[in-house]
Amino acid sequence: MTAAARAGGAAGQAAGRRRWVALRTQWLVLAFYALDAGLMAGFAVLGSVPAALPWAFGLGGAALTLLFATAVGLGLHRRLGAARFTSAQLLSACALMLGTAALVPQMGLLLFMTTLVAVATAAVQMPRRHVLAATLSVGLCAVLLVLVHGPALGLPLADRWERLLSGLWFGIVLAKIAVINLIGSALRQALVDSNRRLGEALEQLRELSERDELTGLANRRAVMAQLEQAVARCAGGGAPLAVALLDVDHFKRVNDTHGHAAGDAVLRAFADAVTARLRSSDCVARYGGEEFLLLLPGCGEPAAAAQAAERARLVVEGHGWDAVAGGLRITVSIGVAVCQPGETAAALLQRADAALYRAKAGGRNRVCTG
């Protein structure tokens, strides 16, 4: 599997996990509505509230949950943004609860408790500024409700059964808060895991963008960025720099005679052999096709740069190419250039390329300086 496929798979899995978490939240909200409607049914049996109230509240909560769950299934929550989506669901839930409190003020304090749970549930998934805005909106509505209904807002405590149901409601509110805290911890851990997987996927994509898949070396894009930086340092009085362009001799003949699989094996073995003889500060990259670019920071003298290139030539010439194909012999031609004051990266490469051309014209398997 390629790095792009792995990164795409990780991104797809992360999106799937986010959708699953969002749908799980909708099931939790629906369960909360069902609990509240069930307790209201108990009050309705006692005659404390109208018989239609539990049905109206339960169906209203179910309808809201179905609406938002459908939006999640269609991916609309991503288009709207998680914060706005959660804010919309929070405000709709609080509107249902405070509206119910306005209709049956004798249960107002119980519904206020439930409103606090709704705010706490949403706050787990919302940025601070959205939490503050939503809390302010809900708080203003609650203040208005208190001003309008005043002393009518209360707890159903007329007999022991009402007191039992009110106490049970309060206990369920505490249980909801505990569940929310547990889910919040799980969400935070899931976020940490998701960020880690995303970081791994981004690292794979970065590696893909900077690494040649066949040889494992830096690709042209990556090495050119390094070359520009090294030339800039050299121009600013930093470490001197030399470059070498390496071209595998008669590579087309390898492909024509032994096949492209053997040609790929040659390029991989070539990269490994040259890399093994480099200093830790040197960098070799696949420049294109069978051509490679070697950066030699610290080499300010043509003789020293040519010597480094000669070591690479010898290791290629002496490599055991029979392991790739019987009777195979691989050599390399190399053009070397040392960066001059005020010289651009393009000009430096042009001189190295001219030296490489002379090496090939002179019979190949040799080093020329430019």
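From a predicted model like this one, the values you see are computed outputs, not experimental measurements. (Residues numbered from 1 in each chain as written. Predicted model: local features only at pLDDT ≥ 70, side-chain atom pairs only at ≥ 80, totals over all residues. Heavy atoms only, no water.)

A. Structural view of the overall build of the protein chain. Each helix and strand in the protein chain was counted, giving 12 helices and 5 strands. What you see for the protein chain is a C-alpha radius of gyration of 36 Å, clearly larger than the 21 Å of a compact globule of 370 residues, by over 25%. For the C-alpha atoms alone, the extent of the protein chain along its principal axes is close to 110 × 50 × 25 Å. When contacts within the protein chain are restricted to residue pairs at least 6 apart in sequence, those whose partners lie at least 24 apart make up 71%. With the model as given, the accessible surface of the protein chain reaches about 19,000 Å², and the carbon-plus-sulfur share is 63%. Separation of charge centres in the protein chain, based on 35 positive and 25 negative side chains, amounts to 8 Å. (Helix = DSSP H or I, 4+ residues; strand = E, 2+ residues; numbered from the N terminus. Rg over C-alpha atoms; globule rule 2.2 N^0.38 Å. Contact = heavy atoms within 4.5 Å. Areas by Shrake-Rupley, 256 points an atom, 1.4 Å probe, with all protein chains shown as cover. Lys, Arg positive; Asp, Glu negative; His and termini not counted. Charge placed at Lys NZ, Arg CZ, Asp CG, Glu CD.)

B. A look at the pattern of salt bridges. Overall, the coordinates contain 10 salt bridges when judged by the stated rule. For Asp 36, the salt bridge goes to Lys 176, with nearest N and O atoms at 2.8 Å. Here the residue Asp 36 occupies a position in helix α1 (residues 3-46), and Lys 176 occupies one in helix α7 (residues 160-210), the gap between them amounting to 140 residues. By the burial criterion, Asp 36 is buried, and Lys 176 matches it. (Salt bridge = Lys/Arg side-chain N within 4 Å of Asp/Glu carboxyl O. Buried < 20%, exposed > 50% of the residue type's maximum accessible area, 1.4 Å probe, protein only.)

C. Here's a closer look at the nonpolar core. Grouped together as the largest cluster of nonpolar side chains are 40 residues, with contacts concentrated most on Phe 57, Leu 90, Met 107 and Trp 169. Looking at this core, the elements with two or more residues in it are α1, α2 (52-73), α4 (82-103), α5 (108-123), α6 (128-149) and α7. Ranked by residue count, the leading element in this core is α1, at 9 residues. The contact partners of Trp 169, leaving out residues within four places of it in the chain, are Asp 36, Leu 39, Met 40, Phe 43, Met 107, Leu 110, Leu 111 and Thr 114. Core analysis: the next-biggest nonpolar cluster, separate from the first, contains 32 residues, Ala 305, Ala 308, Val 315 and Ala 325 among them. (Core = buried A, V, L, I, M, F, W, Y, C linked by side-chain atoms within 4.5 Å.)

D. Representation of empty space enclosed by the protein in the model. Under the defined criterion, the tally for this structure stands at 2 cavities of 30 Å³ or more. Within this model, the largest cavity holds a volume of roughly 70 Å³. Along the walls of the largest cavity sit Val 274, Arg 277, Leu 278, Arg 279, Asp 282, Leu 294, Leu 296, Ala 308, Arg 311 and Ala 312, which together make up its complete lining. Put simply, the parts of the chain that give the lining of the largest cavity at least two residues each are β3 (291-297) and α11 (302-317). Looking at which element gives the most residues to the lining of the largest cavity, the answer is α11, with 3 residues. Partitioned by chemical class, the residues of the lining of the largest cavity number 6 nonpolar, no polar and 4 charged. (1 Å grid on protein atoms, 1.4 Å probe; cavity = no way out; pocket = protein on both sides within 12 Å on 5 of 7 lines; lining within 4 Å. Points joined across faces, edges and corners; volume = space filled by probe spheres on them. Nonpolar A, V, L, I, M, F, W, Y, C, P; charged D, E, K, R; others polar.)

E. Structural context of the packing of α5 against α6. Where α5 contacts α6, the axes come no closer than 10 Å and their chain directions differ by 170°. With respect to α6, the element α5 is oriented roughly antiparallel. On α6, the residues touching Phe 112, Thr 115, Val 119 and Ala 123 of α5 are Val 131, Thr 135, Val 138, Ala 142, Leu 145 and Val 146. Grouping the constituent residues of the contact of α5 with α6 by class yields 8 nonpolar, 2 polar and no charged. (Axes fitted to C-alpha atoms, helices over the stretch in contact; angles between N-to-C directions. Parallel < 35°, antiparallel > 145°, perpendicular 65-115°, else oblique.)

F. Spotlight on the layout of surface pockets. One number sums up the size of the second largest pocket: a volume of about 200 Å³. Taken together, Asp 249, His 250, Arg 253, Val 254, Thr 257, His 258, Leu 328, Arg 329, Ile 330, Thr 331, Arg 364 and Asn 365 make up the lining of the second largest pocket. Among the residues making up the lining of the second largest pocket, the classes are represented as 3 nonpolar, 5 polar and 4 charged.

G. Broad picture of the packing of α4 against α6. Interaxial distance between α4 and α6 falls to 10 Å at its minimum, and their mutual angle equals 10°. Between α4 and α6, the angle falls in the class roughly parallel. From α4, Ala 83, Arg 84, Ser 87, Leu 90, Leu 91, Cys 94, Leu 98, Ala 101 and Ala 102 reach across to α6, where they touch His 130, Ala 134, Ser 137, Val 138, Cys 141, Ala 142, Leu 145 and His 149. The residue inventory of the contact of α4 with α6, partitioned by class, reads 12 nonpolar, 4 polar and 1 charged.

H. Focus on the side chain of Thr 86. With respect to the helices and strands, Thr 86 occurs in helix α4. Judged by relative accessible area, Thr 86 falls into the buried class, the value being 11%. For Thr 86, the residues in contact, after removing those within four places along its chain, are Ala 122, Gln 125 and Met 126.

I. Looking closely at the sheet that holds strand β1 (residues 241-248). Spatially, β2-β3-β1-β4-β5 is the arrangement adopted by the 5 strands of the open sheet, whose pairing is mixed. Two strands close off the open sheet at either side, each with one partner strand: β2 (283-288) and β5 (367-369). Taken over all neighbouring pairs, the strand axes of this sheet differ in orientation by 20° on average, direction set aside. Pairing between β2 and β3: 5 bridges, direction antiparallel. Following the sheet pairing, Cys 283 is matched in β3 by Leu 295. Relative to the sheet, α11 contacts β1, β3, β4 (332-338) and β5, its axis offset from that of β4 by approximately 165°. (Pairing = 2+ DSSP bridges.)

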